[in-house]
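Given next are the chains, with one letter for each unit.
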Amino acid sequence: MKHAIKIKALLSAAVITLLSLAVLCADAPEPAPGDVLKLSDTYFRSTTPDFASELDRQAWKTLEGVYIKDGPPASLGTLKLSNTIWGQDYVDFGPETLSVSYRDGEWYFKGAGVTEVMCITAISKDGKSFYTENDWYPLTFSVDGEYLFIEGYDMRFYKATGPDCYMRFLKKYAAEHGL
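Residues numbered from 1 in each chain as written. Predicted model: local features only at pLDDT ≥ 70, side-chain atom pairs only at ≥ 80, totals over all residues. Heavy atoms only, no water.

### Quick word on the sheet that holds strand β10 (residues 155–161)
Sheet strands associate in pairs through backbone hydrogen bonding, adopting either a parallel or an antiparallel arrangement.
Move 1: Read around the closed barrel, the eight strands follow the order β1-β4-β5-β6-β7-β8-β9-β10; overall the barrel is antiparallel. On average, adjacent strands in this sheet sit at an angle of 35° to one another, irrespective of strand direction.
Move 2: Sheet analysis places strand β6 (residues 114–123) next to strand β7 (residues 129–133), joined by four bridges and oriented antiparallel. Looking at β7, one finds that I120 is bridged to T132.
Move 3: Along the sheet face, helix α3 (residues 54–63) touches β1 (65–69), β4 (97–103), β5 (106–111), β6, β7, β8 (138–144), β9 (147–150) and β10 and points at about 120° away from the line of β6. (Pairing = 2+ DSSP bridges. Helix = DSSP H or I, 4+ residues; strand = E, 2+ residues; numbered from the N terminus. Axes fitted to C-alpha atoms, helices over the stretch in contact; angles between N-to-C directions. Contact = heavy atoms within 4.5 Å.)

Okay, here's the thing in structure tokens:
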């Protein structure tokens, strides 16, 4: 009988300990936009990848980033911080999101559930047009201010963030809404 009481007490203590650990290990809630902006200097990293070519180095700051079709969203929605090469930043703005990234000597163009690997073959003299090739066809990306255009597709994408515009969308949204 004494052993049964001791075992029951040990099991109760173990359950309480496990529940406490579960609470501590649970996903922390996303920080509020104002808190993220206050901490943004500690989130920022001024690192750059190792580039396979001079063209990649020239294109990286301008081209790499997260883009939103047509323009910035009207609301924050559910944004998630993620680690990027330039620091923690918001990278998912919903189904109309496009990203251009450089990893391990290759460029990745992601959007609409598809990822394509491409390489930069040339850059215009003004540094605003990037000529690329992938396994199927060439693409030309043109940058005009905050927008990226894909030639031949009559589409424009707002650059929400990237190494040259860290937390751009969140900073603009906070300024416009007094956060």
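### Description of α3
Move 1: Taken as a whole, α3 has its buried residues at D56, A59, W60 and L63. The arc that holds every buried residue of α3, seen down its axis, measures 125°, which confines them to one face. (Buried < 20%, exposed > 50% of the residue type's maximum accessible area, 1.4 Å probe, protein only. Arc of directions from axis to C-beta.)

### So, the packing of aromatic side chains
Move 1: If you walk through the whole model with that rule in mind, you get six aromatic pairs.
Move 2: Taken together, the aromatic side chains of F51, W60, Y102 and W107 make up a single cluster linked through ring pairs.
Move 3: In this structure, R156 packs its charged tip against the face of Y147, placed 4.2 Å from the ring centre. (Phe/Tyr/Trp six-rings, centres within 6.5 Å; stacked < 30°, edge-to-face > 60°. Lys NZ or Arg CZ within 6 Å of the ring centre and 35° of its normal.)

### Some thoughts on the pattern of salt bridges
Move 1: Counted by the stated rule, this structure contains five salt bridges.
Move 2: For K172, the salt bridge goes to E146, with nearest N and O atoms at 2.8 Å. In this pair, K172 is assigned in helix α4 (residues 168–177) and E146 in the loop between β8 and β9, connecting sequence segments 26 residues apart. (Salt bridge = Lys/Arg side-chain N within 4 Å of Asp/Glu carboxyl O.)

### Considerations on the confidence of the model for the protein
Move 1: For the protein, the average pLDDT comes to 77, and 73% of its residues sit at 70 or higher.
Move 2: The weakest mean pLDDT in the protein belongs to helix α1 (residues 2–25) at 40; the strongest belongs to β7 at 94.
Move 3: The low-confidence segment residues 3–26, where pLDDT is below 50, has zero contacts with residues more than four positions distant or belonging to other chains. (pLDDT = per-residue confidence, 0-100.)

### A short note on unusual backbone geometry
Most of the time, phi is negative for any residue but glycine, and the peptide bond is trans.
Move 1: A positive phi angle, near 75°, is found at D70, a position not held by glycine.
Move 2: Relative to the elements of secondary structure, D70 occurs in the loop between β1 and β2 (81–84).
Move 3: For D70, a relative accessible area of 42% corresponds to the partly exposed category.
Move 4: Even without being glycine, M167 reaches a positive phi, approximately 55°.
Move 5: Within the fold, M167 resides in the loop between β10 and α4.

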